[in-house]
Every structure is written in structure tokens, then in C-alpha cells.
Amino acid sequence: MPRSVNAVASRARRKKVMKQAKGYFGRRKNVWTVAKNAVEKAMLYAYRDRRNKKRTFRALWITRINAGARQHGMSYSQFMGKVKANGIELNRKVLADLAMNHPDAFKAIVEKVK
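Parameters and conventions
Residues numbered from 1 in each chain as written. Predicted model: local features only at pLDDT ≥ 70, side-chain atom pairs only at ≥ 80, totals over all residues. Heavy atoms only, no water. Helix = DSSP H or I, 4+ residues; strand = E, 2+ residues; numbered from the N terminus. Contact = heavy atoms within 4.5 Å. Axes fitted to C-alpha atoms, helices over the stretch in contact; angles between N-to-C directions. Parallel < 35°, antiparallel > 145°, perpendicular 65-115°, else oblique. Nonpolar A, V, L, I, M, F, W, Y, C, P; charged D, E, K, R; others polar. Salt bridge = Lys/Arg side-chain N within 4 Å of Asp/Glu carboxyl O. Buried < 20%, exposed > 50% of the residue type's maximum accessible area, 1.4 Å probe, protein only. Phe/Tyr/Trp six-rings, centres within 6.5 Å; stacked < 30°, edge-to-face > 60°. Lys NZ or Arg CZ within 6 Å of the ring centre and 35° of its normal. Patch = residues over 30% accessible without salt bridge, like charges linked within 9 Å, V, L, I, M, F, W, Y side chains within 5 Å. Areas by Shrake-Rupley, 256 points an atom, 1.4 Å probe, with all protein chains shown as cover. Lys, Arg positive; Asp, Glu negative; His and termini not counted. Charge placed at Lys NZ, Arg CZ, Asp CG, Glu CD.

Some remarks on the environment of Tyr76
Point 1. In this fold, Tyr76 is placed in helix 3 (residues 76–85).
Point 2. Each C-alpha atom, one on Tyr76 and one on Asn91, is 14 Å from the other, the two residues being 15 residues apart in sequence.
Point 3. Beyond its immediate sequence surroundings of up to four residues, Tyr76 is in contact with Ile62, Ile65, Asn66 and Arg92.

Right, here's the structure in full:
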């Protein structure tokens, strides 16, 4: 009995990967094995960096809060400690936005916690 292969599913799978490789440079966009490897690696990078993005943004927010706090004579750690102690429920994202775009509101928070 001859071997049966599902060519429709195989072609669809390859077509999906080749579509994802669209826009790549050189053989990465049109040679199956090279494109498959490139797309797999790209997916790994995307998965990893979705997690790294959170770390990077938190570091950025901390830097901005630190800069804003130091303008008012406090370090970041002192400021955040007093914010928590005074029960102010603002996260780092909001505090960083206030420090950057609304310095008067940030100054009011610093005066409240001092």
C-alpha cells in the first residue's frame, strides 16, 4: 500500500512560515529551511523581549522618579519609602509621568511626604 502524505497541510504550514518571513533580507525570505530558522529565532526573540520590555520600562520609570525627587532634595529610595509610609497608592508609571509632564503635581506629592 502506498504511503499517504497530507500535502495540503504541509503546504499550508510552509506557506504560513513563508508569509511570516516576508520582508526578511536575502534567502531568509524565500528559501524554506533558512526562512524557517529565521522565523523560529524571531519568535524566540519576540517572546523573550515581551518580558524584557516590562523590566526596561520599570527601570525608565525609576530613573525619572529619581531625577524628579532629587530636584526636591530627596533620593529615590527615601521618596518611595515615604510614599509607601504615607499610604499614597500611585504606582511608578504614574509617578514617573507626573515627574516628567506635571512637575507641579509631583512637587505637591513630594511636599506631602516630606
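After that view of the structure, there is still more to cover.
Considering the packing of helix 4 (residues 92–101) against helix 5 (residues 103–113)
Point 1. Interaxial distance between helix 4 and helix 5 falls to 6 Å at its minimum, and their mutual angle equals 120 degrees. Our classification of the angle between helix 4 and helix 5 gives oblique. Counting all contacts with helix 4, which are made through Leu95, Leu98, Ala99, Met100 and Asn101, the residues of helix 5 involved are Pro103, Ala105, Phe106 and Ile109.
Point 2. Of the residues belonging to the contact of helix 4 with helix 5, the class tally is 8 nonpolar, 1 polar and no charged.

Describing the pattern of salt bridges
Point 1. Within this structure, the stated rule accounts for 1 salt bridge.
Point 2. The salt bridge involving Arg48 is made with Asp49; its shortest N-O contact spans 3.0 Å.
Point 3. Take Arg48: its relative accessible area is 42%, and that puts it in the partly exposed class.

Digging into the packing of aromatic side chains
Point 1. Taken as a whole, this structure holds 2 aromatic pairs when the rule is applied.
Point 2. With a centroid separation of 6.1 Å and 40 degrees between ring planes, the pair formed by Phe57 and Trp61 is classed as tilted. Residue Phe57 and its partner Trp61 are both found in helix 2 (residues 32–70); the two are separated by 4 residues, about one turn of the helix.
Point 3. On the basis of relative accessible area, Phe57 is assigned to the partly exposed category, the value being 40%.
Point 4. Classification of Trp61 by relative accessible area gives partly exposed; the value is 22%.
Point 5. Ring centres of Phe79 and Phe106 lie 5.2 Å apart, and the angle between their planes is 45 degrees; on these two criteria the pair is classed as tilted. On the criterion of sequence distance, the pair formed by Phe79 in helix 3 and Phe106 in helix 5 is long-range, its members being 27 residues apart. Summarising the burial analysis for this pair, Phe79 and Phe106 share the class buried.
Point 6. Of note, Arg51 hangs over the ring of Tyr47, and the distance from its end group to the ring centre comes to 4.0 Å.

A short note on a positive patch on the surface
Point 1. A contiguous patch of positive charge on the surface is contributed by Arg11, Arg13, Arg14, Lys15, Lys16, Lys19 and Lys22.
Point 2. Its place among the elements puts Lys19 in helix 1 (residues 7–20).

Section: the environment of Ile109
Point 1. Relative to the helices and strands, Ile109 resides in helix 5.
Point 2. The exposure class assigned to Ile109 is buried, which follows from its relative accessible area of 11%.
Point 3. Setting aside chain neighbours within four positions, we find Ile109 in contact with Phe79, Ile88, Leu90, Leu95 and Leu98.

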